[in-house]
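# A structural walkthrough
Next come the chains, spelled out residue by residue.
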Amino acid sequence: MPKNWTLKVDQYINANSNCIIATADVDSFPTDLPLEPNIREPNLKSSTYRQIFDSLTSEPEKFFQRNNGIVLCVNKVKPKNKTELELEILQTNEGGNDGIINGGHSVSAFEQARKFKYDLTKARVKVTIHIGLSEDEAKDIALASNTSAPVDARSKVNARGDYKFIKQFLGQLEMEEETKFRIAYYQNQSGAPKSPQCNVNHLIKLMNCLDRNKYNPNKSKGKHPPVSNNPSLSDAERQRLSKLLPLLPKGLWIEQRLFQIIEEHITNPRKKGTIDLASIDARKSTLLPDSRYSFGFGAPADIAMPIVAAYRVFLDENYNWIIPFDEFALDFLQHLWANYYKKYLVSEKLAGNTVGSKICRNPVIWDNLYVCAQSYLNQQLLAMVSSNNNKREELKLAN
């Protein structure tokens, strides 16, 4: 069922058949309007919010002139009288995309100011009400309107709907594996952890690490995946990543198991009270995208990337595993850890270095792990050939 809100106004005009511009009372402005079409949630710690709150509470009578106003999208508007407008808003499950397009920080300031008993009776705000916008139209206005403070690239990509293919895939995976993923798709998203591992761009990095076609060490350039954030997603990029999506659960699994190995290592150190791995901080904690995995230590967001990238050696051109993943994945990870990665982290710790950004910019690490993976794969394939030959010999003897 659609929900209705009453907006008290001094006056209003019809800018056109689908748009009303009004001067609204701040004191009674509805602060529970949905934020569905907005591209980010209000951040009460931001300078933008503090400036709005200070302007509102210090000189409420001048707020109208100093504020950019609020932009709404509604399904219908019904004038009740000269000073009241009834707003009908469709809920998300009804196919609506109604609510606050721009001005979330202002509405939050209204709510907080009323909570602390500020006198807002003289405060007014300009409200632009769009009627019957489509989802694309609402988000187009949201992208154009949110210019008072920087909006991160991830929020803009999300507003355009470019993460939908990832959201749909994870939604299906949640049902199949009976789990929940905590992913931040836009700025200040409520309910999403601040952990960088829970950023949607982190998932894209994991998938990039497994793209054996695009990132091939035999090339002269672009040997290894970049771990920088993707500022935008073109149609071609979405098509490429869509092919890699089935590999995402494996990338997440590798990261989870690596964190478990690190946890086991620091839980039983050679010297009690010390951690001999670079950039591992026992005073912090880490949340991974799958809500089943939380760890009582901090680690660089990209610490698993070179390890995940090594696994692309085991993929063919169609992104199929040359050897069934479950038959080699854990043993290979332990092999990489014991023979190379642990030694690398220990040596960096002894040298007094951190590895957070160094992992991203040191091709030697990626090269060594890739070569190690090739050697491991060759050994596995030789063992499989030898095993098949032995079976043939046994069959001949039996005959």
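Remember, it's a predicted structure, so these values are computed and weren't measured experimentally.

### Structural notes on the overall build of the chain
- Helices and strands together make up the secondary structure of the chain, namely 13 helices and nine strands.
- Out of the 399 residues belonging to the chain, those deemed buried represent 48%.
- Approximately 20,600 Å² of the chain is accessible, and the part contributed by carbon and sulfur atoms is 48%.

### A look at the environment of Leu133
- As for its placement among the helices and strands, Leu133 is situated in the loop between strand 7 (124–131) and helix 4 (135–145).
- Residues Leu133 and Asn18, 115 residues apart in the sequence, show an inter-C-alpha distance of 8.6 Å.
- Not counting chain neighbours up to four residues away, the residues in contact with Leu133 comprise Cys73, Ile101, Ala138 and Ile141.

### Observations regarding the pattern of salt bridges
- Counting across every chain of the model gives 14 salt bridges.
- For the salt bridge of Glu174 with Lys180, the shortest nitrogen-to-oxygen distance reads 3.9 Å.
- Among the residues examined, Lys180 registers a relative accessible area of 52% and is labelled exposed.
- Bridged by salt links that share partners, the residues Asp211, Lys214, Glu237 and Arg240 form one connected network.

### Some remarks on the pairing of strand 5 (residues 84–89)
- Most of strand 5 is tucked away: five of the six residues are buried.
- Sheet topology note: the strand 1 (residues 3–16)/strand 5 ladder contains six bridges and is antiparallel. Bridge pairing links Lys3 to Ile89 in strand 5.
- Note: strand 4 (residues 76–81) against strand 5, five bridges, orientation antiparallel. In the strand pairing of strand 5, Asn81 is matched with Glu84.
- Counting the residues between successive antiparallel strands, the hairpin from strand 4 to strand 5 contains two residues.

### Focus: the sheet that holds strand 7
- As summarised here, the arrangement of the seven strands in space is 4-5-1-2-7-3-6, forming an open sheet in which the pairing is mixed. Of all strands in the sheet, those with a lone pairing partner are strand 4 and strand 6 (99–102), marking the two edges. Ignoring strand direction, the axes of neighbouring strands in this sheet form an average angle of 40 degrees.
- Across three bridges, the pairing between strand 3 (residues 70–74) and strand 6 is antiparallel. Counted as the bridge partner of Val71 is Asn102 from strand 6.

### A closer look at the confidence of the model for the chain
- Across the chain, the average pLDDT comes to 87, with 89% of residues at or above 70.
- Long-range and interchain partners of residues 395–399, a stretch whose pLDDT sits below 50, account for zero contacts in this model, where long-range means more than four residues apart.

### A short note on unusual backbone geometry
- Although it is not a glycine, Lys117 sits at a positive phi angle of roughly 65 degrees.
- Position of Lys117 relative to the elements: it lies in the loop between helix 3 (104–115) and strand 7.
- Here Lys117 falls in the exposed class, since its relative accessible area comes to 73%.
- The phi dihedral of Tyr319 falls on the positive side, at around 65 degrees, and the residue is not glycine.
- Structurally, Tyr319 is set in the loop between helix 10 (305–310) and helix 11 (325–350).
- Assessed through its relative accessible area of 14%, Tyr319 is described here as buried.

### Focus on the environment of Asn16
- If you trace the backbone, Asn16 turns up in strand 1.
- Remark: the alpha-carbon pair of Asn16 and His130, spanning 114 residues in sequence, is separated by 9.6 Å.
- A polar side-chain atom of Asn16 sits 2.7 Å from the main-chain amide nitrogen of Asn18.
- Engagement of the side chain of Asn16 in a polar contact is seen with the backbone nitrogen of Cys19, the distance being 2.9 Å.

### Points about the packing of helix 1 (residues 47–58) against helix 3
- The geometry of helix 1 relative to helix 3 is characterised by a closest axis approach of 9 Å and an angle of 50 degrees between their N-to-C directions. Classified by the interaxial angle, the pair formed by helix 1 and helix 3 is oblique. For the pair helix 1 and helix 3, the sense of crossing is right-handed. Residues Thr48, Tyr49, Ile52, Phe53, Leu56 and Thr57 of helix 1 form the contact with helix 3, whose participating residues are His105, Ser106, Ser108, Ala109, Phe110, Gln112 and Ala113.
- A class-by-class count of the residues in the contact of helix 1 with helix 3 yields seven nonpolar, six polar and no charged.

### Some details on helix 7 (residues 200–209)
- The buried count for helix 7 comes to ten of ten residues, which makes it a mostly enclosed element.
- Regarding helix 7, the residues found buried are Val200, Asn201, His202, Leu203, Ile204, Lys205, Leu206, Met207, Asn208 and Cys209.

### Considerations on the side chain of Gln112
- Tracing the chain through its elements places Gln112 in helix 3.
- Taking the relative accessible area as the measure of exposure, Gln112 reaches 17% and is therefore buried.
- Excluding anything up to four places from it in sequence, Gln112 contacts Leu44, Tyr49 and Phe53.

Rules behind the numbers
Residues numbered from 1 in each chain as written. Predicted model: local features only at pLDDT ≥ 70, side-chain atom pairs only at ≥ 80, totals over all residues. Heavy atoms only, no water. Helix = DSSP H or I, 4+ residues; strand = E, 2+ residues; numbered from the N terminus. Buried < 20%, exposed > 50% of the residue type's maximum accessible area, 1.4 Å probe, protein only. Areas by Shrake-Rupley, 256 points an atom, 1.4 Å probe, with all protein chains shown as cover. Contact = heavy atoms within 4.5 Å. Salt bridge = Lys/Arg side-chain N within 4 Å of Asp/Glu carboxyl O. Pairing = 2+ DSSP bridges. Axes fitted to C-alpha atoms, helices over the stretch in contact; angles between N-to-C directions. pLDDT = per-residue confidence, 0-100. Polar contact = N/O pair within 3.5 Å; in protein donor to acceptor, adjacent residues only side chain to side chain. Parallel < 35°, antiparallel > 145°, perpendicular 65-115°, else oblique. Left-handed = near helix turned anticlockwise from the far one by under 90°. Nonpolar A, V, L, I, M, F, W, Y, C, P; charged D, E, K, R; others polar.

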